[in-house]
Amino acid sequence: MPLTFRKSFRILPGVRLNINKRSWSITTGGGKNGPRHTRSSTGRRTTSMDLPGPFGWRRTTTSKRH
């Protein structure tokens, strides 16, 4: 089983810095009933939101880096 590295730091209220072996990302929002916006160093942008019950919503956009 491979070892993985992932660490998340709270920078400010509502802002997190996530670090793993290959990239980093910043997540904002996600307060009570609000959407979360994540931007990664690889160019991926994700918006997600928890919905009541067994539902969740996620939209991911990946852009090429030049």
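Residues numbered from 1 in each chain as written. Predicted model: local features only at pLDDT ≥ 70, side-chain atom pairs only at ≥ 80, totals over all residues. Heavy atoms only, no water.

**Q** Help me out: how do you make sense of the overall build of the protein chain in this one?
**A** Scanning the protein chain from N- to C-terminus turns up zero helices and six strands. Taken from N to C terminus, the helices and strands of the protein chain fall in the order β-β-β-β-β-β. Overall, the C-alpha framework of the protein chain stretches about 35 × 30 × 25 Å when taken along its three principal axes. Expressed as a percentage of the 66 residues in the protein chain, the buried residues total 15%. Of all intrachain contacts in the protein chain linking residues separated by at least 6 positions in sequence, the fraction that spans at least 24 positions is 1%. Split by element, the accessible area of the protein chain, about 6,000 Å² in all, is 55% carbon and sulfur. (Helix = DSSP H or I, 4+ residues; strand = E, 2+ residues; numbered from the N terminus. Buried < 20%, exposed > 50% of the residue type's maximum accessible area, 1.4 Å probe, protein only. Contact = heavy atoms within 4.5 Å. Areas by Shrake-Rupley, 256 points an atom, 1.4 Å probe, with all protein chains shown as cover.)

**Q** When you look at the side chain of Thr 46 in this model, what are you seeing that I'm missing?
**A** Note that Thr 46 resides in strand β5 (residues 44–50). Judged by relative accessible area, which is 14%, Thr 46 ranks as buried.

**Q** Looking at this structure, how should I read the pairing of strand β4 (residues 36–40)?
**A** In summary, the side chains of a regular strand alternate between the two faces of the sheet. Two strands pair when backbone bridges link them, and strand β3 (residues 24–29) and β4 are joined in this way by five bridges, in the antiparallel orientation. Looking at β4, one finds that Ser 25 is bridged to Ser 40. Between the end of β3 and the start of β4, which pair antiparallel, lie six residues, with Gly 30 showing a positive phi angle near 80 degrees. Linking β4 to β5, which pair antiparallel, is a turn of three residues; within it Gly 43 sits at a positive phi near 100 degrees. (Pairing = 2+ DSSP bridges.)

**Q** Looking at this structure, I do not really get a nonpolar patch on the surface. What am I missing?
**A** Nonpolar side chains collect at one region of the surface, where Ile 11, Leu 12, Trp 24 and Ile 26 lie side by side and expose about 380 Å² of accessible area between them. Mapped onto the fold, Leu 12 is located in strand β1 (residues 6–12). (Patch = residues over 30% accessible without salt bridge, like charges linked within 9 Å, V, L, I, M, F, W, Y side chains within 5 Å. Salt bridge = Lys/Arg side-chain N within 4 Å of Asp/Glu carboxyl O.)

**Q** Would you mind showing me how to read the UniProt feature "domain: DUF4236" (unreviewed entry) in the protein chain here?
**A** Look at the UniProt record and you will see "domain: DUF4236" (unreviewed entry) annotated at residues 3–58. What you have in residues 3–58 is 0% helix and 61% strand, and the ends, taken at the C-alpha atoms, are 27 Å apart. (UniProt positions renumbered as here; feature names shortened; annotations may be inferred.)

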